[in-house]
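# Descriptive structure summary
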Amino acid sequence: MKARMELTLGDCEKVMAAALAEAQRNGWIVAIAILDDGGHLLHFSRMDGATPANAAIAVDKGRTAAMSRRTSGNWQDRIKTRPEMLKMPGILPVQGGVPILVDGACVGGVGVSGVQSHEDEQIASAGIAALQK
């Protein structure tokens, strides 16, 4: 039988703290979602002023990253030449979702929504970097 790593509450708190710090340092108002490798929500924060749409989009971006083991921005790039990829189930092809990889294995994903998509990804990546220190 195969054993696998999974995110703990402590891991999620560490990722969230670093992601929130990155958003606050830049004056960005966002929603941040952390999901397990199956795309199930583990931890969530919606900053004051973030919209309900930001909340839903953050979860979808994180789910895309976790379940596909690719950034949601990767899907955004892929549909430019292969628009049929829009029909992939559970995929939101908008930058801002990043898989959490530990020793080459995906243990989850972080999705962010509220600012420009590349800034959303910057926040998600900052959170994940804190876990990998």
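Heads up: these notes are all about the structure in this document. Note that the structure is a prediction, hence the values are computed from the model and not measured.

On to the sheet that holds strand E3 (residues 97–102), then. Strand order in the open sheet formed by 4 strands is E2-E1-E4-E3, with antiparallel pairing between adjacent strands. The sheet is open, and its two borders are formed by strand E2 (41–46) and E3, each paired with just one other strand. In this sheet, adjacent strand axes meet at a mean angle of 15 degrees when their direction is disregarded. Where helix H4 (residues 117–131) meets the sheet, it contacts strand E1 (31–36), E3 and strand E4 (105–113), and its direction lies at approximately 15 degrees from that of E3.

Along the chain, Asp-37 turns up in the loop between E1 and E2. Within the local environment of Asp-37, its side chain forms a polar contact with the side chain of Arg-4, the two groups lying 3.2 Å apart. Not counting chain neighbours up to four residues away, the residues in contact with Asp-37 comprise Arg-4, Ala-66, Met-67, Arg-69, Cys-106, Val-107 and Gly-108.

What follows covers the packing of aromatic side chains. Inspection of every chain in the model, using the stated rule, returns 0 aromatic pairs. Over the aromatic face of Trp-75 sits the side chain of Arg-78, whose NZ or CZ is 4.8 Å from the ring centroid.

Here we come to the nonpolar core. One recurring pattern in soluble globular proteins: nonpolar side chains tend to sit buried together. Within the largest apolar cluster, 21 residues are counted, with the highest numbers of intra-cluster contacts made by Val-30, Ile-32, Ile-34, Ile-100, Val-110 and Ile-123. At the level of elements, helix H1 (9–25), E1, E3, E4 and H4 are the ones that each hand at least two residues to this core. Sorting elements by how many residues they give to this core places H1 first, with 6 residues. The contacts of Ile-34, once residues within four sequence positions are left out, are Leu-7, Cys-12, Val-15, Met-16, His-40, Leu-41, Leu-42, His-43, Ile-100, Gly-109 and Val-110. Ala-31, Ala-33, Ala-58 and Val-59 belong to the second-largest nonpolar core, a separate cluster that totals 5 residues.

Bringing the pattern of salt bridges into the picture now. With the rule as written, the count across this model stands at 7 salt bridges. Glu-22 is the salt-bridge partner of Arg-25, the closest N and O atoms lying 2.1 Å from each other. One end of the pair, Arg-25, and the other, Glu-22, are both in helix H1, 3 residues apart, so they sit about a helical turn from each other. The partner of Arg-63 in a salt bridge is Asp-60, and the shortest N-O contact between them spans 3.3 Å. Of the two residues, Arg-63 and Asp-60 both sit in helix H2 (residues 52–68), 3 residues apart, roughly one turn of that helix. Judged by relative accessible area, Asp-60 falls into the partly exposed class, the value being 34%. Connected through salt bridges with shared partners, the residues Arg-4, Asp-37 and Arg-69 form a single ionic network.

Thresholds applied
- Residues numbered from 1 in each chain as written.
- Predicted model: local features only at pLDDT ≥ 70, side-chain atom pairs only at ≥ 80, totals over all residues.
- Heavy atoms only, no water.
- Pairing = 2+ DSSP bridges.
- Helix = DSSP H or I, 4+ residues; strand = E, 2+ residues; numbered from the N terminus.
- Axes fitted to C-alpha atoms, helices over the stretch in contact; angles between N-to-C directions.
- Contact = heavy atoms within 4.5 Å.
- Polar contact = N/O pair within 3.5 Å; in protein donor to acceptor, adjacent residues only side chain to side chain.
- Phe/Tyr/Trp six-rings, centres within 6.5 Å; stacked < 30°, edge-to-face > 60°.
- Lys NZ or Arg CZ within 6 Å of the ring centre and 35° of its normal.
- Core = buried A, V, L, I, M, F, W, Y, C linked by side-chain atoms within 4.5 Å.
- Buried < 20%, exposed > 50% of the residue type's maximum accessible area, 1.4 Å probe, protein only.
- Salt bridge = Lys/Arg side-chain N within 4 Å of Asp/Glu carboxyl O.

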